[in-house]
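Descriptive analysis of the structure
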Amino acid sequence: MADVLRVTTSVNTSTPAPLKPGASGAANQVDRVGHAALDQVGTNSPEIKSPIYDSGSVFQTFATRVSETPDLTETLQKLLIGAMSENAELAAAEGENAIPSLLGELAGKLNMSEADILQNILFQKDQSTSFGSEIFNVLREIAQENYSAETTNYIGSFLKALDSNNNATQTMKGIITQLNNILDRIPRSYAEGIRNAMGELIMEPDSQGLQDNLKLLKETILPMLGRYVSTTNDLGATRDRIQLLIQDISRLNIGGQDEVNERFAELLDYAKYSLNLPADKLNELQNLFSKAVNSKVDLQNDFIDSLAKALTQTKGLSTTSQTMINDTVNALLLNRSVYMPFNHIVLPFTFDGNFMFTEMWVEKDGHSAGGVAGEDKTKRVYLNFDVQGLGKVQAAIGLTDNSIDCLLNCPDTVADKSKTIENDIAKIFTENGFSIGNIKSSGDSFQTELEVLHKIYEGRSSINVTV
């Protein structure tokens, strides 16, 4: 079963210490992770040699960031526990009229029923990609059946424009936030003129408003920031924030509806004249495109909205809290990368008075045993439940077709109940239509971040773009 689950233990003392995100030297240790392979859980790791990668590649940059970013249990979980304690103190001192911080507001929304828990998990699963509607299924088929660099380019250009268009409002809000952060850090003599110009920006622009905003940003605001940089030669954090601002403006620049229509027209012409797609397929593509652009739904989720609000407003927080929030944002952004091989679902909640910080890592694409084509693929799922007052409960699950293999690791306080726990979990799986291959408990915990890095490095040869 361990071979199916691919769960590995920490390396022994004769080799370098296992990678811990945020620890000193993590960038050097990350190279060793991709080559660790164990035959069974609990055995010592063989010596791991460090391969050589291009340190400037997009892939290596991503892998290094993953290794250096602290766990959410070290950032978001601690922030929420602190906010819950602060809420309790406010309630005791000032009663129900006390106004909690934004983190306190988020902590106040964590009391969930079973239905709430399921809804929040499914929302994150459904929103794990921007490309989930029917048109993308057709585009996947076209890309697979007519694979070439030219096909990829036409489809990619269209998807890039459509994604920028769908997120134009959010991008505009991000630009405003970035500008405010920048202006808080530069002298008033430079900031005053930019603030005045920002007053003319349209917060939720239509197509014409988008063009007006872009003109103001490119012709007025960016030149003002350029004069500040050239005059002061600022090479610090403010310069980095300006670079991020320029990236957001670039996204907004290709987010207009005219740009989306033009990219789709080019894709349709290419599919018609170069790929020779039949008329019914072209008509289907056109109808699905109309459906995709005319039926946009602004999805709301109370937990996610509160989380985003708390993570984007850091004013008044201590330096330590701001650092922890920045680390949380970095971790969540890494989940959106094309290099991330798992869907990462995070859900802190309070159930029956107990606070639990939950993380779920669900493999996007499974693997066949020995890479044999045609064999059923096994998908790996890693679950971490950090239960207040109990400790960490872990599960590594291998899902092949409809069969489940599961490895459990529970706190020592419930070690004597392992058989009961195994039977109860087996019952949950069978009641939901799964067949049980093997379920067993292990006294050895595993570091999920290491398992994620194993999978990231399995795909290193197929992703090696140098910047």
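Shown above is the structure to which this text applies.
In short, a report on the structure. From a predicted model like this one, the values you see are computed outputs, not experimental measurements. (Residues numbered from 1 in each chain as written. Predicted model: local features only at pLDDT ≥ 70, side-chain atom pairs only at ≥ 80, totals over all residues. Heavy atoms only, no water.)

Attention now goes to the nonpolar core. Ranked by size, the top nonpolar core spans 38 residues in total, and within it Leu-76, Met-112, Phe-303, Leu-347, Ile-397 and Cys-406 carry the most contacts. Discounting chain neighbours no more than four positions away, the residues touching Met-112 are Ile-117, Asn-120, Phe-303, Leu-347, Pro-348, Phe-349, Thr-350 and Phe-351. Membership of the second largest hydrophobic core comes to 25 residues, among which are Leu-179, Leu-183, Leu-225 and Leu-252. (Core = buried A, V, L, I, M, F, W, Y, C linked by side-chain atoms within 4.5 Å. Buried < 20%, exposed > 50% of the residue type's maximum accessible area, 1.4 Å probe, protein only. Contact = heavy atoms within 4.5 Å.)

Glancing now at the packing of helix α9 (residues 168-183) against helix α12 (residues 237-253). Relative orientation of the contacting elements α9 and α12 amounts to 160 degrees, with a least axis distance of 9 Å. The angle between the axes of α9 and α12 places the two elements in the roughly antiparallel class. Between α9 and α12 lies a crossing of left-handed hand. Along its contact with α9, which presents Ala-168, Thr-171, Met-172, Gly-174, Ile-175, Gln-178, Leu-179, Asn-181 and Ile-182, the element α12 presents Thr-238, Arg-241, Ile-242, Leu-244, Leu-245, Asp-248, Ile-249, Arg-251 and Leu-252. Its residues assigned to classes, the contact of α9 with α12 comprises ten nonpolar, five polar and three charged. (Axes fitted to C-alpha atoms, helices over the stretch in contact; angles between N-to-C directions. Helix = DSSP H or I, 4+ residues; strand = E, 2+ residues; numbered from the N terminus. Parallel < 35°, antiparallel > 145°, perpendicular 65-115°, else oblique. Left-handed = near helix turned anticlockwise from the far one by under 90°. Nonpolar A, V, L, I, M, F, W, Y, C, P; charged D, E, K, R; others polar.)

Okay, the sheet that holds strand β6 (residues 435-441) next. Pairing is mixed in the open sheet, where six strands are placed in the order β1-β2-β3-β4-β5-β6. The sheet terminates laterally at β1 (342-351) and β6, the two strands that pair on one side only. Neighbouring strand axes in the sheet, compared pairwise and without regard to direction, differ in orientation by 15 degrees on average. With seven bridges joining them, strand β4 (residues 391-400) and strand β5 (residues 403-409) adopt antiparallel strand pairing. (Pairing = 2+ DSSP bridges.)

Enumeration according to the criterion identifies nine aromatic pairs in this entry. Seen in terms of ring centroids, Phe-62 and Tyr-339 are 5.6 Å apart; in terms of plane orientation they differ by 35 degrees. Their pairing is tilted. Taken together, the residues span a long stretch of sequence, with Phe-62 in helix α3 (residues 58-68) and Tyr-339 in the loop between α16 (319-334) and β1 at a distance of 277 residues. Their ring planes at 15 degrees and their centres at 4.5 Å tell us that Tyr-154 and Tyr-270 sit as a pair that is stacked. Highlighted residues: Tyr-154 in helix α8 (residues 149-166) and Tyr-270 in helix α13 (residues 257-273), separated in sequence by 116 residues. Every member of this aromatic cluster is reached through a ring pair, and the members are Phe-158, Phe-264 and Phe-289. (Phe/Tyr/Trp six-rings, centres within 6.5 Å; stacked < 30°, edge-to-face > 60°.)

Once that is clear, we can look at the environment of Met-84. Tracing the backbone through its elements, the reader meets Met-84 in helix α4 (residues 76-94). For the pair Met-84 and Leu-106, spaced 22 residues apart in the sequence, the C-alpha separation amounts to 9.2 Å.

Here we come to the pairing of strand β2 (residues 354-363). Most of β2 sits inside the fold, with eight of its ten residues counted as buried. Counting the residues in the hairpin turn of β1 and β2 gives two residues, including Asp-352, whose phi is positive at 55 degrees. As judged from the seven bridges shared by β2 and strand β3 (residues 378-387), these two strands associate in the antiparallel manner. By the bridge assignment for β3, Phe-357 is matched with Asp-386.

This part covers the pattern of salt bridges. Two side chains carrying opposite charge are able to pair once their charged atoms lie near each other. Under the criterion given, the structure shown has 13 salt bridges. A salt bridge links Glu-74 to Lys-78, with the shortest nitrogen-to-oxygen separation between them at 3.0 Å. Its relative accessible area of 36% is what places Glu-74 among the partly exposed residues. Looking at Lys-78, the relative accessible area reads 46%, which means it is partly exposed. Via salt bridges that share partners, Glu-259, Glu-262, Arg-263 and Glu-266 belong to a single interconnected network. (Salt bridge = Lys/Arg side-chain N within 4 Å of Asp/Glu carboxyl O.)

This next bit is on the side chain of Thr-151. Mapped onto the secondary structure, Thr-151 falls in helix α8. At 2.9 Å, the side chain of Thr-151 and the backbone oxygen of Asn-146 are in polar contact. A distance of 2.8 Å separates a polar atom in the side chain of Thr-151 from a polar atom in the side chain of Tyr-270. When sequence neighbours within four positions are dropped, the list of residues in contact with Thr-151 reads Ile-142, Ala-143, Asn-146, Tyr-270 and Leu-275. (Polar contact = N/O pair within 3.5 Å; in protein donor to acceptor, adjacent residues only side chain to side chain.)

Moving on to unusual backbone geometry. The phi dihedral of Asp-352 falls on the positive side, at around 55 degrees, and the residue is not glycine. Take Asp-352: it is sitting in the loop between β1 and β2. Of note, Asp-401 is a non-glycine position whose phi angle comes to about 55 degrees, a positive value. By the element assignment, Asp-401 lies in the loop between β4 and β5. Its relative accessible area of 62% is what places Asp-401 among the exposed residues.

A separate point is α16. Its 16 residues place the ends of α16 23 Å apart at the C-alpha level, agreeing with the 22 Å of an ideal helix rising 1.5 Å per residue. Considered for burial, the residues of α16 that qualify are Ser-321, Met-324, Ile-325, Thr-328, Ala-331 and Leu-334. Buried residues belonging to α16 abut α3, α4, α5 (102-108) and α15 (302-312). (Expected span 1.5 Å × (residues − 1).)

Relative to the helices and strands, Val-414 is located in the loop between β5 and α17 (418-431). Ignoring anything within four residues of it in the chain, the contact list for Val-414 reads Leu-390 and Ile-421.

On to the packing of α15 against α16. For the pair α15 and α16, the least separation of the axes is 9 Å and the interaxial angle reads 130 degrees. Relative to α16, the element α15 is oriented oblique. The crossing of α15 and α16 is left-handed. From α15, Leu-307, Ala-310 and Leu-311 reach across to α16, where they touch Ile-325, Thr-328, Val-329 and Leu-332. Of the residues belonging to the contact of α15 with α16, the class tally is six nonpolar, one polar and no charged.

Most of β3 is tucked away, with eight of its ten residues classed as buried. Strand direction decides the pairing type here: β3 and β4, joined by ten bridges, are antiparallel. When the sheet's bridge partners are listed, Asp-386 is paired in β4 with Lys-392. Counting the residues that bridge the hairpin from β3 to β4 gives three residues, and of these Gly-389 lies at a positive phi of roughly 90 degrees.

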